[in-house]
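# Descriptive analysis of the structure
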Amino acid sequence: MSSQKLNVCLSPQLISSYADENSIIVVIDVLRATSAICTALHNGAEKIIPVVDVRVARDYLNKGYIVGAERNGEIVEGFEYGNSPLVFAGEHVAGKTIVLTTSNGTYALAAAQMAHQVIVGSFLNLDAVSGWLENQERDIVLLCAGWKQKFNMEDTLFAGAVVSQLQAANRVLALSDSAIAAEILYTKAKDNMFAFLENTSHRNRLRTMNIEEDVRYCLTPNTTSVIPMLENGNIVKMNE
Ligand code: MLT
């Protein structure tokens with residue numbers, strides 16, 4: 001059996017049980033923070049500064065930065081943008097620095113910071129992330145941002161998709177029980193993830209806000225080959 005581990009961490013609260021300073025962590029917040037990050041970098045944003053505190057985000061706003069601020073799925077009062085990936089999908093972000101604070105995604109990024117390397121995954125860059133991981137030798141942790149420290153389905157499905165791709169590539173890895181469970185869920189869901197997520201909590205939350213379009217966008221695989229990575233506290237594009 002391989003000694004290289006592939007773990008799925010189902011809540012940021014569990015991260016110290018799975019990862020240490022030698023790990024590679026993939027931060028996952030499919031709906032919608034990590035999809036927004038992939039979209040912004042794909043559209044030419046120079047970097048993204050993830051911040052946990054809305055007050056810090058407001059300071060950046062006052063200095064003239066483009067800032068996305070979301071709490072509980074809604075745009076925080078006083079900000080123009082939340083974290084809908086669609087608002088970062090245009091040329092207006094090219095060459096810009098974007099500051100982002102979200103309910104769970106930026107929290108998960110902060111929780112991952114001790115790792116050897118932190119990258120950002122979403123269905124939008126599924127193949128790129130899986131392909132890159134195939135060539136890594138360190139232990140891998142797929143960190144699901146979840147919702148307020150709780151399990152969520154969509155992040156787990158993405159983690160399962162990565163597990164599935166690494167298995168298909170014949171990578172022999174020691175899978176945690178959570179990795180096995182995530183892959184089983186993904187296998188069940190993959191033919192129609194939109195329907196599979198029908199009654200899940202964040203899909204319902206976004207539905208009441210009338211943002212189904214975001215959900216469809218975020219569940220569309222492989223629209224970009226960009227791999228965002230954390231570097232000195234900023235998220236930048238990994239060199240291809
Ligand atoms: C988060 O960080 O919790 C999310 O991205 C929330 C959202 O969908 O707006």
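As shown above, the structure is provided for reference.
Residues numbered from 1 in each chain as written. Predicted model: local features only at pLDDT ≥ 70, side-chain atom pairs only at ≥ 80, totals over all residues. Heavy atoms only, no water.

In this structure, Val8, Val30, Ile119, Phe123, Leu133, Leu142 and Leu219 are the most contacted members of the largest nonpolar core, which totals 41 residues. Taken together, the elements giving at least two residues each to this core come down to β1 (5–9), β2 (24–28), α5 (126–134), β8 (140–144), α6 (153–168), α7 (177–189), α8 (193–196) and α10 (212–218). Examining the composition of this core, we find that 7 residues originate from one element, α6, more than from any other. Each residue touching phenylalanine 123, except ones within four places of it in the same chain, is listed here: Val30, Glu154, Leu157, Phe158, Ala161, Tyr186, Met193, Cys218, Leu219, Thr220, Pro221 and Asn222. By size, the runner-up hydrophobic cluster in this structure holds 31 residues, among which are Ala40, Ala45, Tyr81 and Val93. (Core = buried A, V, L, I, M, F, W, Y, C linked by side-chain atoms within 4.5 Å. Buried < 20%, exposed > 50% of the residue type's maximum accessible area, 1.4 Å probe, protein only. Helix = DSSP H or I, 4+ residues; strand = E, 2+ residues; numbered from the N terminus. Contact = heavy atoms within 4.5 Å.)

Quick look at the site of the ligand now. The immediate surroundings of the ligand are formed by 13 residues, with Arg32, Asn83, Thr102, Asn104 and His202 found nearest. Here asparagine 104 contributes a side-chain N or O atom positioned 2.6 Å from an oxygen atom of the ligand. Here an oxygen atom of the ligand and a side-chain polar atom of histidine 202 are 2.6 Å apart. Computed on the free molecule, the ligand has an accessible area of 270 Å², of which 100% lies beneath the protein chains in the complex. Here the residues of the shell around the ligand sort into 3 nonpolar, 7 polar and 3 charged. (Near = heavy atom within 4 Å. Polar contact = N/O pair within 3.5 Å; in protein donor to acceptor, adjacent residues only side chain to side chain. Areas by Shrake-Rupley, 256 points an atom, 1.4 Å probe, with all protein chains shown as cover. Nonpolar A, V, L, I, M, F, W, Y, C, P; charged D, E, K, R; others polar.)

With that out of the way, let us pick up unusual backbone geometry. Look at the link from leucine 31 to arginine 32: it is a cis peptide, with omega at 5°. Relative to the helices and strands, arginine 32 is located in the loop between β2 and α2 (33–42). Although it is not a glycine, asparagine 232 sits at a positive phi angle of roughly 50°. You can call asparagine 232 exposed: its relative accessible area is 76%.

What follows concerns the packing of α5 against α6. Across the interface, α5 lies against α6 with an axial gap of 9 Å and an inter-helix angle of 50°. On the basis of the axis angle, α5 is oblique to α6. Crossing geometry of α5 relative to α6 is assigned as right-handed. Residues Leu126, Asp127, Ser130, Leu133 and Glu134 of α5 form the contact with α6, whose own contacting residues are Phe158, Ala161, Val162, Gln165 and Leu166. Residue composition of the contact of α5 with α6, by class: 6 nonpolar, 2 polar and 2 charged. (Axes fitted to C-alpha atoms, helices over the stretch in contact; angles between N-to-C directions. Parallel < 35°, antiparallel > 145°, perpendicular 65-115°, else oblique. Left-handed = near helix turned anticlockwise from the far one by under 90°.)

Compared with an ideal rise of 1.5 Å per residue, which puts 13 residues at 18 Å, α7 spans 18 Å between its outermost C-alpha atoms and is within 8% of the ideal. Along α7, the residues that are buried comprise Ser178, Ala179, Ala182, Glu183, Tyr186 and Ala189. For α7, the buried positions fall inside an angular range of 135° around the axis, keeping them on one side. Set apart from the buried face of α7 by more than 90 degrees, the exposed residues are Asp177, Ile184 and Lys188. As for α7, its buried residues are in contact with β1, α1 (15–18), α6, β9 (174–175) and α8. (Expected span 1.5 Å × (residues − 1). Arc of directions from axis to C-beta.)

In this section: the packing of aromatic side chains. Evaluation of the coordinates by the stated rule reveals 3 aromatic pairs. Ring plane angle 55° and centroid distance 6.0 Å describe the contact between tyrosine 81 and phenylalanine 88, whose orientation is recorded as tilted. The class of tyrosine 81 is buried, set by a relative accessible area of 19%. Take phenylalanine 88: its relative accessible area is 2%, and that puts it in the buried class. Here the aromatic rings of phenylalanine 123 and phenylalanine 158 are separated by 5.3 Å at their centres, their planes lie at 90°, and the arrangement is edge-to-face. (Phe/Tyr/Trp six-rings, centres within 6.5 Å; stacked < 30°, edge-to-face > 60°.)

Here we take up the pattern of salt bridges. Summed over the entire model, instances satisfying the criterion amount to 5 salt bridges. Note that glutamate 198 is salt-bridged to arginine 207, the shortest N-O span being 3.3 Å. Of the charged contacts, one joins arginine 203 and glutamate 212 as a salt bridge, the two residues approaching to 2.9 Å between their closest N and O atoms. Salt bridges sharing common partners tie together Glu198, Arg203, Arg207 and Glu212. (Salt bridge = Lys/Arg side-chain N within 4 Å of Asp/Glu carboxyl O.)

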